[in-house]
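Examining the three-dimensional arrangement
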Amino acid sequence: MSEKKPDPANNGQPAKAGAAAGGAAVIRRVDAAEETSQERLMKKHVPAWVISGAVHVGLIAIMILMFGGRGVTAKPPEKIVSTSVEKEEEPPEKDLTNEDPGLQSNLEAALPEIERVDKQTVDAAVTMDNLGQPNAPETDTTALALPGLNTSDNSVPGVTGDTGSAMSGTGGMNGSQFASFPGRSGATKSRMLREGGGNDESERAVARGLAWLARQQKQDGGWEYDAGSKDERVAATGMALLPFLAAGETHLKGKKYQKTVASGLQFLLRNCPLSGANSGRMSGNMYAHAIGTLALCEAYGMTKDKGLLLGGAQAAINHIVKAQAANGSWGYAPGSPGDTSIVGWQIQALKAASLGKDIVVPAATMKKAVDFLNLAGAGSRKAMYGYADNAGAAPGTSLTAVGLLSRYYIDGWGPDNAGMAEGVTGLMKKAPVKTGAVPDMYFYYYATQVVHFFEGDEWKTWNEGPKGADGVRKGGMRDWLIGIQIKKEGPNEGSFDPDPHWIGRGCGRLGTTAMCILTLEVYYRHLPLYKRANAGDGALKIVDGAK
């Protein structure tokens, strides 16, 4: 038996014997009774203290990891209020890297590239009214003046900057990309293509043709005919440049052929002396000279690049003015009397120069040219034309087409003119009929322009073909040219076989291809100078310079 310990219930005295006998009590050994009061205290309280301490140490360590990098500042305790308010959506972050000042930073620039504007404005409404002043005269270049300046101040040094020049055009001051030829770009081009009867296929044909022409350019920047007139480099270069210019390609701006055009213009300028006895004379052949001059004047009208082009273009025009014969015509040699065919190229160059506005074209030169047209014209309405006079004049000939286009450009013959109407009737007798042969492109180059400017059902028939029994037009000029273009991969892809007539014999594949492409660009190459009148009260001029 173990030794009896004092009972805490009896104040530490041993239990009495009578207790066992009376209640059959059993004495059990209690280990705690052997512990001291200090031991019991430690066992009771130390474990909880250790656990609590470990938890606090852990919390302190976590707080040090989370907030250890921040400076500790004493803050008064904040009262935390729990709410059920719905969290508002945070505004999007703004792009502060946008370099376009003055606009919202999360929006794209409001002045994008011209190419993107073109795509977005294909179906936009286009008006010929001068911006800022509806119904203002077409000659009013102050319809939208430079803000804050009188127009008389525009020439003061420092006003508009020391480089470049402001373009003035028919759409208000500086309103057109190609001031004198606005139909060659943007929404105006798209509208004219669609309304005039062009389509995707005709534009693909133009693109193929331009690619072929570009491949024919020589190292010196010029072109060369591959047939009879191989020495006429100026004519070949001018003729090859015209389709690029008509497509909106210039030496300052172009989607693909900027360098091609720049090199071609430089070739012409190198052949155009600005002083001396031969000032402005690019070729001794007035045919060639006029074609080269036409390219220079169109390029200037599209770009207004005075530094590069104005001097040469004006010199070339001056040579045309001096070379005019006494009867108002131009011959192969300067000063000699000539024929309707040569006159047609001179008039095209003179008209392009006048559209450029900065190039001086004497009114007397135009008047003398009209005198020659009167000499070469036949019939009471002068609706058909001969060679050097009206002998042999007949309707529906190449010379008649040249004469009618010349009348349109310099003598005010719009679609309401009786002589023009009679002349077009004659041309319609040779309306295009699609075949597999290459057409006479000298005739169709001129005649297509005349009928296009005449408009109406005649133009639809010419361009798209006559209506069949099903009401569908087929076989016109457009589809004829698209059909005969070479599409097979190879060195001639995109070109046209030389026609069997004057252009093919003298200018070969290069000349034929250039004339075909220009004919497919007729829809937008030139804005019409006149529109059909609604009430028979005469044609309505819509472009300055129609007189």
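**A short note on the overall build of the chain**
Helix and strand counts for the chain stand at 18 helices and four strands. Taking all 547 residues of the chain together, 43% fall into the buried category. The contacts in the chain between residues at least 6 apart in sequence include a share of 64% that link residues at least 24 apart. As displayed, the chain has an accessible area near 29,300 Å², and 55% of this comes from carbon and sulfur atoms.

**Comments concerning helix H15 (residues 456-464)**
Residues Trp 459, Thr 461, Trp 462 and Asn 463 constitute the buried set of H15. Of the surrounding secondary structure, the elements contacted by the buried residues of H15 are helix H4 (186-196), helix H13 (418-427), helix H14 (441-454), helix H16 (477-484) and helix H18 (522-525). The positive-phi residue at the C-terminal boundary of H15 is Gly 465, with phi of around 100 degrees.

**A look at the side chain of Thr 400**
Mapped onto the elements, Thr 400 comes out in helix H12 (residues 398-410). Under the relative-accessibility criterion, Thr 400 is labelled buried at 0%.

**Quick word on the packing of aromatic side chains**
Any pair of aromatic rings gets described here by the distance separating the centres and the angle formed by the planes. Counted by the stated rule, this structure contains 18 aromatic pairs. Consider the rings of Tyr 408 and Phe 453, whose centres lie 4.3 Å apart with planes at 5 degrees: the pair is stacked. With a gap of 45 residues between them, Tyr 408 in helix H12 and Phe 453 in helix H14 connect regions that are remote in the sequence. Assessed through its relative accessible area of 4%, Phe 453 is described here as buried. Taken together, the ring pairs connect Tyr 287, Tyr 332, Trp 345, Tyr 442, Tyr 445, Tyr 446 and Trp 502 into an aromatic cluster.

**Section: empty space enclosed by the protein**
Inspection of the entire model under this criterion finds three cavities of 30 Å³ or more. Considered as a void within the structure, the second largest cavity measures approximately 70 Å³ in volume. Elements supplying a minimum of two residues to the lining of the second largest cavity: helix H8 (286-303), helix H10 (340-355) and H14. Ranked by residues supplied to the lining of the second largest cavity, first place goes to H10 with four residues. Residues of the lining of the second largest cavity, tallied by class, amount to five nonpolar, three polar and three charged.

**So, H10**
With 16 residues, H10 extends 22 Å between its outermost C-alpha atoms, agreeing within 8% with the 22 Å of an ideal straight helix rising 1.5 Å per residue. Here H10 starts with a cap whose side-chain oxygen sits 2.9 Å from the backbone nitrogen of Ser 341, and that cap is Asp 339. Trailing H10 by a residue or two, Lys 357 shows a phi angle of about 70 degrees, which is positive.

**Considering the packing of helix H5 (residues 200-215) against helix H6 (residues 233-246)**
Between H5 and H6, the least distance of the axes is 10 Å, while the angle of their chain directions is 140 degrees. Relative to H6, H5 is oriented oblique. Crossing hand, H5 versus H6: left-handed. Here Leu 210, Leu 213 and Ala 214 of H5 come into contact with H6, specifically with Ala 240, Pro 243 and Phe 244.

**Topic: the nonpolar core**
Trp 330, Trp 345, Leu 427 and Trp 462 are the most contacted members of the largest nonpolar core, which totals 114 residues. At twelve residues, the largest contribution of residues to this core is made by H8.

**Notes on the side chain of Gln 485**
Tracing the chain through its elements places Gln 485 in the loop between H16 and helix H17 (502-520). A distance of 2.9 Å separates a polar atom in the side chain of Gln 485 from the backbone oxygen of Ala 205. At a separation of 3.1 Å, a polar atom in the side chain of Gln 485 contacts the side chain of Arg 208. Apart from residues lying up to four places away in sequence, Gln 485 is in contact with Ala 205, Arg 208, Gly 209, Gly 494, Ser 495, Phe 496 and Ile 517.

**Structural notes on the packing of H6 against H8**
Where H6 meets H8, the closest approach of the two axes is 7 Å, and the angle between their N-to-C directions is 35 degrees. Read as a crossing pair, H6 and H8 show a hand that is left-handed. Contacts from Val 234, Ala 235, Gly 238, Met 239, Leu 241, Leu 242 and Leu 245 of H6 reach H8 at Ala 288, Ile 291, Gly 292, Leu 294, Ala 295, Glu 298, Ala 299 and Met 302. Grouping the constituent residues of the contact of H6 with H8 by class yields twelve nonpolar, two polar and one charged.

What counts and what doesn't
- Residues numbered from 1 in each chain as written.
- Predicted model: local features only at pLDDT ≥ 70, side-chain atom pairs only at ≥ 80, totals over all residues.
- Heavy atoms only, no water.
- Helix = DSSP H or I, 4+ residues; strand = E, 2+ residues; numbered from the N terminus.
- Buried < 20%, exposed > 50% of the residue type's maximum accessible area, 1.4 Å probe, protein only.
- Contact = heavy atoms within 4.5 Å.
- Areas by Shrake-Rupley, 256 points an atom, 1.4 Å probe, with all protein chains shown as cover.
- Phe/Tyr/Trp six-rings, centres within 6.5 Å; stacked < 30°, edge-to-face > 60°.
- 1 Å grid on protein atoms, 1.4 Å probe; cavity = no way out; pocket = protein on both sides within 12 Å on 5 of 7 lines; lining within 4 Å.
- Points joined across faces, edges and corners; volume = space filled by probe spheres on them.
- Nonpolar A, V, L, I, M, F, W, Y, C, P; charged D, E, K, R; others polar.
- Expected span 1.5 Å × (residues − 1).
- Polar contact = N/O pair within 3.5 Å; in protein donor to acceptor, adjacent residues only side chain to side chain.
- Axes fitted to C-alpha atoms, helices over the stretch in contact; angles between N-to-C directions.
- Parallel < 35°, antiparallel > 145°, perpendicular 65-115°, else oblique.
- Left-handed = near helix turned anticlockwise from the far one by under 90°.
- Core = buried A, V, L, I, M, F, W, Y, C linked by side-chain atoms within 4.5 Å.

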